[in-house]
Amino acid sequence: PSDPKNLTNYDFIVVGAGTAGCTLASRLSENPQWTVALIEAGGVEDFGHLVPLLSSYVQMTSSNWAFKSVPQNVSCWGMNNHQCQLPRGKVLGGSSAINTMIYTRGNRRDYDAWAAAGNPGWSYKDVLPYFLRSENAHLAGLDHSPFHNHSGPLSVEYIQFRTQLVDAFVAAAMESGLPLTDYNGESQIGVSYVQATTQNGRRHSAYSAYIKPIRESRSNLHIFTSSRASRVLIDEATKSAYGVEFYYENRTYTFKARKEVILSAGVFQSPQLLMLSGIGPEDNLKEVGIPLIKSLPVGRRMYDHISHFGPTFVTNTTRQTNYISRVTTTDVFSYIVDQSPSTRLSSIGGVEALAFLQSNRSNLPQDWPDIEFIMSSGSLASDEGSGVKMAANFKDEIYEKLYKDLAQTEQDHFTLLVMLFHAKSVGHVWLKDSNPLSPPQIDPQFYVADEDVEVVLEGIKASLRISQMPALQKIGATLLNRTVPGCENFAFASDDYWRCSIRTLSFTIYHQMSTCAMGRSSDPNAVVDHRLKVHGIRSLRVVDASVIPVAPTAHTNAVAYMIGEKASDMIRSEW
């Protein structure tokens, strides 16, 4: 990282060194004639970031912006003050340095729908080459798949550490009728061991993949850490972006852009920076006293994949669940000294498998899931309430009444998180005031649409059916017989009980998106066009998950890599 010099000129200024920002800065700086500034508010990842099992602990460090939702009325009842935690990476690599490392791309129908909605160039056949370009796959059995590449920067691999629990779950899912699938391949419906952005059992972030290998050899790429952007400089007469203002060590600096300013600050802070710069909803900007330069629906829509933290099932196995206390000195020695990828430390926060399926309420085509199961060989008990509970803002009583007994006895168990892909509930982001250092206000509106609760309920019922299959019955899988606090008035495991549980154990998988959605200029929800240029403003693009127009059937990290790769080609084609 460099110390900034005020009023330096660069060809491109990329704000935010997250997944898309690292990808974009690396690709743009391949041209030695172009100078690129990469501005990041956080620092550099350390050894702790690289240990997959510790991902929830990393979210409790300064590498997380630690945003919270505003208090929710009909969800997040199990969280302190009814506020769901909304982690975002504040470090080189962004959220790819603190997430759970799950790599899923989505369904071909997602991207075909983007293109059909007025975004040419974003169909599945258009975006697949960019997923491939980023990927360096090490997936046994998929060596010759046309859906995987083996020469990109980003390592994607199966987790080598596996428990008996995941083997039983995968077998049971297949017994229930789900095929074994490569969910990043021809067909998404089915079950699979998880594909992860790890390299030899260590986290492989966007920084590790795209920046670290080239940072010493490219004098045209300047990286600035601990540098917090405060606004984009825009010429009001020409409606052109010409620079960025940022804070570094309590001083204000300005960089100027000869070609473009590119916001890759993430789903909360790209819209925040646009609004601080006078681009956004007229009413919000007027309310906080920011002069309007361009009225656009910035932050007006935000999608997410809300999930239910459970059901949890106890088993009759021994020493399978990923309790942190079960990490041995031999594990640590093997991981650090022998570089072994197959110890418990390489488990990505306990997640071992994913299943994609359709609920009974779905009216989508048969190959388009609306529910995902995230199979984790653990729960809030795995770290004795010191990790996931704290990182997600769960109340003490949730841990104490549901999970504490499991932790104290080290009872083996696993959890199926039931995740909703196509929520009807829509959130939004806005400014509380004009101070660039204030956090944006975030209201995800989880479960405002009752229909979302009903789809998740169908998912819970499907997970219970899988638990009854022979492979899971063989290991004694039984629903954890503990009542969720606040749901005592309902018969345990009845539909109304689960509806209460869904609104209580509302767990976001941190897939917020669409706050700067792409679309035609006539689209009342669009902020950027199909080339990611901000409508009505020259020399300004947004390149990150905030441009996603409609929630895909995917975890968003792989999608952000694709967006960064595709944007780099669009920019290169224009200059």
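Above: the structure in question.
Just so it is clear, the model here is predicted, and its values are computed rather than measured. (Residues numbered from 1 in each chain as written. Predicted model: local features only at pLDDT ≥ 70, side-chain atom pairs only at ≥ 80, totals over all residues. Heavy atoms only, no water.)

A. Representation of the environment of Leu-402 within the structure. Structurally, the position occupied by Leu-402 is in helix H12 (residues 396–409). Sequence separation between Leu-402 and Gly-536 is 134 residues, and the spatial gap between their C-alpha atoms is 52 Å. (Helix = DSSP H or I, 4+ residues; strand = E, 2+ residues; numbered from the N terminus.)

B. How the structure looks around empty space enclosed by the protein. Throughout the structure, instances matching the rule amount to five cavities of 30 Å³ or more. Reported here for the second largest cavity is a volume of approximately 130 Å³. Together, 16 residues line the second largest cavity, and Pro-311, Thr-312, Arg-482, Val-484 and Trp-498 are the ones closest to its centre. By residue number, the principal contributor to the lining of the second largest cavity is helix H15 (residues 495–504), which donates three residues. (1 Å grid on protein atoms, 1.4 Å probe; cavity = no way out; pocket = protein on both sides within 12 Å on 5 of 7 lines; lining within 4 Å. Points joined across faces, edges and corners; volume = space filled by probe spheres on them.)

C. Summary view of the sheet that holds strand S8 (residues 195–196). If you walk across this open sheet you meet the three strands as S5-S6-S8, and the pairing is mixed. Across the chains shown, the open sheet's two edge strands, defined by having one partner strand only, are strand S5 (135–138) and S8. Note that S5 and strand S6 (residues 154–158) share four bridges and pair parallel. The residue bridging His-138 from the neighbouring strand is Glu-157, located in S6. Each of S5 and S6 is contacted by helix H5 (residues 124–134), which is oriented at about 65° to S5, the strand it contacts most. (Pairing = 2+ DSSP bridges. Contact = heavy atoms within 4.5 Å. Axes fitted to C-alpha atoms, helices over the stretch in contact; angles between N-to-C directions.)

D. Molecular detail of the layout of surface pockets. Of the pockets and cavities examined, the largest pocket occupies roughly 410 Å³. Residue lining of the largest pocket: 21 residues in total, with Asn-363, Leu-364, His-422, Ala-423 and Lys-424 positioned closest to the centre. When residues of the lining of the largest pocket are traced back to their parent elements, those giving at least two are helix H4 (108–116) and helix H13 (450–467). Broken down by element, the residue count for the lining of the largest pocket peaks at four residues, all from H4. For the lining of the largest pocket, a count of residues per class yields eleven nonpolar, three polar and seven charged. (Nonpolar A, V, L, I, M, F, W, Y, C, P; charged D, E, K, R; others polar.)

E. Inspection of the nonpolar core at higher detail. Of all hydrophobic cores here, the largest spans 172 residues; its most connected members are Phe-169, Leu-274, Tyr-403, Leu-532, Leu-540 and Met-562. When residues of this core are assigned to their parent elements, the largest contribution, eight residues, is made by helix H16 (residues 556–574). The contact partners of Met-562, leaving out residues within four places of it in the chain, are Tyr-111, Trp-114, Trp-122, Val-127, Tyr-130 and Phe-131. (Core = buried A, V, L, I, M, F, W, Y, C linked by side-chain atoms within 4.5 Å. Buried < 20%, exposed > 50% of the residue type's maximum accessible area, 1.4 Å probe, protein only.)

F. Representation of a nonpolar patch on the surface. A cluster of nonpolar side chains, namely Phe-47, Val-332, Phe-333, Ile-336 and Val-337, defines an oily patch on the protein surface of about 460 Å² accessible area. Here the nonpolar patch gets three residues from one element, more than from any other, and that element is helix H10 (residues 329–336). Position of Val-337 relative to the elements: it lies in the loop between H10 and strand S19 (351–357). (Patch = residues over 30% accessible without salt bridge, like charges linked within 9 Å, V, L, I, M, F, W, Y side chains within 5 Å. Areas by Shrake-Rupley, 256 points an atom, 1.4 Å probe, with all protein chains shown as cover. Salt bridge = Lys/Arg side-chain N within 4 Å of Asp/Glu carboxyl O.)

G. Looking closely at the packing of H13 against H15. Where H13 contacts H15, the two axes come as close as 10 Å, and the packing angle between them is 115°. By the angle between their directions, the pair H13 and H15 is classed as roughly perpendicular. The two elements H13 and H15 meet at a crossing, and its hand is right-handed. From H13, Asp-450, Val-453, Glu-454, Val-456, Leu-457, Ile-460, Lys-461 and Leu-464 reach across to H15, where they touch Asp-495, Trp-498, Arg-499, Ile-502 and Arg-503. Residues belonging to the contact of H13 with H15 are distributed by class as follows: seven nonpolar, no polar and six charged. (Parallel < 35°, antiparallel > 145°, perpendicular 65-115°, else oblique. Left-handed = near helix turned anticlockwise from the far one by under 90°.)

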